[in-house]
Structure formats: C-alpha cells, structure tokens
Amino acid sequence: MAKNKKPIYGEQELRAFSMPDLAADDTGHTVEGHAAVFGQTYNMYGCWNETIARGAFDNTDFSDVLFSINHDLSKIPLARSRNNNANSTLQLQVDNQGLNTRASLDTETNMDAKALYGSIQRGDMNGMSYIFSVRKDEWTGLDTDMPSRTITDIAKVFEVSAVSMPANPGTDIIARSQSALESAEKVLENARARALDSTNEQRNNDLEVLKLKNQILMKG
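Everything quoted here is computed from the prediction, not taken from an experiment. Residue numbers run consecutively from 1 along every chain, following the written order of its sequence. Owing to the predicted nature of the model, reporting of local features is limited to residues with pLDDT of at least 70; listing and counting of side-chain atom pairs is limited to 80 or more, with chain, interface and lining totals taken over all residues. Side-chain measures were taken over the full set of non-hydrogen atoms in the model, leaving aside hydrogen atoms and water.

## Digging into the environment of Met146
Then comes step 1: Its location among the elements puts Met146 in the loop between strand E10 (127-140) and strand E11 (148-163).
Then comes step 2: Throughout, exposure labels follow a simple rule: accessible area from a 1.4 Å probe, protein chains only, divided by the maximum for the residue type, with under 20% read as buried, over 50% as exposed, and the rest as partly exposed. Exposure remark for Met146: the relative accessible area of 34% places this residue in the partly exposed category.
Then comes step 3: Sequence separation between Met146 and Cys47 is 99 residues, and the spatial gap between their C-alpha atoms is 6.2 Å.
Then comes step 4: With sequence-adjacent residues up to four places away left out, Met146 is seen in contact with Asn43, Gly46, Cys47, Trp48 and Asn49. A run of H or I in DSSP becomes a helix once it reaches four residues, and a run of E becomes a strand once it reaches two; helices and strands are each numbered from the N terminus. Only heavy atoms matter for contacts: two residues are in contact if any of them lie within 4.5 Å across the pair.

In structure tokens form, the structure reads like this:
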C-alpha cells in the first residue's frame, strides 16, 4: 500500500460497552451478547456525543471477524467468523437491538477460552467491544464545543472482544488512553475539515450562480 493511500475501509475505531446481556449458556462452551447497540448515545472522550443509527450494519463487511479477550490480537483467536457461515465458530447477527455475537469456545483444550467462559458465567466479565471502520456518518453542531455524530453506515467489523473493564468511550480506563484520545481528535478534526470544504464549495457555487444572474441581467 502506498504511504499516503487511505486504507480501503478507512480509519479503524474502537468502542467498548457494559453489556448486561453478555452471558455463558449451559453448554459449557458458548457465550453470547451484543457488541454494539442502536440508539444509545455516549460521549467520545469529551470530544463529541455519538449514536449508532438503526441500519448502520446493513451493508457491513463481516467476511472475517475475530473474537478475542481485551483485543489481545497477539494470541490465538478464541473464535472466528469467516463469511458468517454456519460452520464459523463466531456467529454475527444484526437484530433489533444491535450487533449480536455468539461464540463457540474450545473450553476443553484452550485454557484462555475456559477461563473466559467461567468469568462470564460468574459475571466477572460483562463488557463487549469491537473494532470497526465507518463508511458514512452525519455530524451536527461542528461549530460547537460538543458536536453530535450519528454513525449511519459501518463499512467493516474487524474484531469483537469480551472486555474486563467495560466503559462507554470517554470514561474511566478507555478515556485515559492517549492514542485513543488522539485518534478521536483526528476523527473530529477531519469531520470539521470536510464540513468547511463543503461550506466553501457551496459558497463558491452560490457566487457562480450570482455572477451568471448578473450577466443575464446586464445582457437584458
């Protein structure tokens, strides 16, 4: 990939939530919960308020999604969805609440999977997080100190995780990540730059229309 060429799916973002429906079933190897929910407004690092719109996953690429613990991608994934087919150990389904995930874990030979299952069953692990990229979003109030962002089209989901320190973005552990804060600030900066470009383009178009009208009046 060329140095200045944008990634095909844009910048990757991460969101973590406390999900009360994250649970381990009675089979001894399956855990299920929502990695994202529609209509829940949360604050992003004190930079903006954000909501995921219903329908944001309608055109999402789920071709290869990993399931991990605390986004530790250096370890073997505990489950994986390949094209979200019936044989995948990770099943993803968009329902009325959001993005539902169901992972079938190898709790017999994988000690991390066994520990995760037990932790979720006890209620010690109750958060989920996911890494994704955005294809389309809508911003309001970009000229204010606290704009609002609605994510309307998520391009790709790369990974989902069970997390031990769930928090809405902008609070507690997640907010203290300098790299996460810098990434959020960059997203907001880019959004404001796009809005400014759009305003300037509209102003130029209006000027061209005005010039054209003046020319017509002068000829008349």
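## Observations regarding the pattern of salt bridges
Then comes step 1: The working definition used for a salt bridge is a side-chain nitrogen of Lys or Arg within 4 Å of a carboxyl oxygen of Asp or Glu. This structure, assessed with the given rule, holds 15 salt bridges.
Then comes step 2: Here Lys75 ties to Asp112 by a salt bridge, and the two come within 3.9 Å at their closest N and O atoms. Residue Lys75 is located in the loop between strand E6 (64-69) and strand E7 (79-82), and its partner Asp112 is located in helix H1 (residues 111-122); the two are separated by 37 residues in the primary sequence.
Then comes step 3: Take Lys75: its relative accessible area is 47%, and that puts it in the partly exposed class.
Then comes step 4: Residues Arg194 and Asp137 are paired through a salt bridge, measuring 3.7 Å at the closest nitrogen-oxygen approach. With Arg194 in helix H3 (residues 178-219) and Asp137 in strand E10, this residue pair connects regions lying 57 residues apart in the sequence.
Then comes step 5: For Arg194, a relative accessible area of 46% translates into the label partly exposed.
Then comes step 6: In this structure, a network of salt bridges that share partners links the residues Glu13, Arg15, Glu50, Asp137, Arg149 and Arg194.

## Here we look at the packing of aromatic side chains
Aromatic ring pairs are reported here in terms of the distance separating the ring centres and the angle at which the planes meet.
Then comes step 1: Pairing of aromatic rings covers Phe, Tyr and Trp, the last through its six-membered ring, and needs centres within 6.5 Å; plane angles under 30 degrees mean stacked, over 60 mean edge-to-face, and all others mean tilted. If you walk through the whole model with that rule in mind, you get 5 aromatic pairs.
Then comes step 2: Here the aromatic rings of Phe38 and Phe57 are separated by 6.1 Å at their centres, their planes lie at 50°, and the arrangement is tilted. Placement of the pair is Phe38 in the loop between strand E3 (30-37) and strand E4 (42-44) and Phe57 in the loop between strand E5 (48-52) and E6, with a sequence separation of 19 residues.
Then comes step 3: Owing to a relative accessible area of 11%, Phe38 belongs among the buried residues under this scheme.
Then comes step 4: Ring geometry for Phe57 against Tyr130: centres 6.4 Å apart, planes inclined by 50°, an arrangement best described as tilted. Placement of Phe57 in the loop between E5 and E6 and of Tyr130 in strand E10 is noted, with a sequence separation of 73 residues between them. Here the two residues Phe57 and Tyr130 agree in accessibility, since each one is buried.
Then comes step 5: Charge-over-ring contacts are defined here by two conditions on Lys NZ or Arg CZ: a distance within 6 Å of the ring centre and an angle within 35 degrees of the ring normal. In this structure, Lys156 packs its charged tip against the face of Phe158, placed 5.5 Å from the ring centre.

## Some thoughts on the confidence of the model for the protein chain
For residues with low pLDDT, the predicted coordinates do not support detailed interpretation.
Then comes step 1: Confidence along the protein chain averages 83 in pLDDT terms, with 77% of residues attaining 70 or more.
Then comes step 2: Counted against residues more than four places away or in other chains, residues 1-6, with its pLDDT under 50, gives 1 contact. The quantity known as pLDDT measures the predictor's confidence residue by residue, on a range of 0 to 100.

## Side note on the sheet that holds strand E2 (residues 23-24)
Then comes step 1: Here we have 4 strands laid out as an open sheet, ordered E2-E3-E9-E8, and antiparallel in their pairing. Each of the sheet's edge strands pairs with one partner strand only, and the pair in question is E2 and strand E8 (90-94). One bridge is not enough; two strands pair if DSSP finds at least two bridges between them.

## So, the pairing of E8
Then comes step 1: The pairing of E8 with strand E9 (residues 98-104) spans 5 bridges and is classified as antiparallel. In the sheet register, Leu90 faces E9, and the bridge partner there is Ala103.
Then comes step 2: A loop of 3 residues connects E8 with E9, the two strands running antiparallel in sequence.

## Some thoughts on the pairing of E7
Then comes step 1: Every second residue of E7 is oriented toward a common face, the buried set being Ala79 and Ser81 and the non-buried set Arg80 and Arg82.
Then comes step 2: For E6 and E7, the ladder comprises 4 bridges, and the chain directions are antiparallel. Paired with Val65 across the strands is Ser81, a residue of E7.

## What to know about the side chain of Asp137
Then comes step 1: Definition of a polar contact: a pair of N or O atoms within 3.5 Å, with one able to donate and the other able to accept a hydrogen when the atoms are protein atoms, and with sequence-neighbouring residues admitted only if both atoms are side-chain atoms. Within the local environment of Asp137, its side chain forms a polar contact with the side chain of Trp139, the two groups lying 3.2 Å apart.
Then comes step 2: Within the structure, Asp137 has its side chain in polar contact with the side chain of Arg149 (distance 2.9 Å).
Then comes step 3: Ignoring any residue separated from it by four or fewer positions in sequence, one finds Asp137 in contact with Arg149, Thr150, Ile151, Thr152 and Arg194.

## What about H1?
Then comes step 1: How far a helix is expected to stretch is found by multiplying one less than its residue total by 1.5 Å. The end-to-end C-alpha distance of H1, which contains 12 residues, comes to 16 Å, matching closely the 16 Å that a straight helix rising 1.5 Å per residue would cover.
Then comes step 2: Inspection of H1 places Ala113, Leu116, Tyr117, Gly118, Ser119 and Ile120 among the buried residues, and these make up the whole buried set.
Then comes step 3: Contact partners of the buried residues in H1: E2, E3, E6 and E11.
Then comes step 4: Where H1 begins, the side chain of Asn110 points an oxygen toward the backbone nitrogen of Asp112, at a separation of 2.9 Å.
Then comes step 5: Downstream of H1 by a residue or two, Gly123 has a phi angle that is positive, lying close to 90°.

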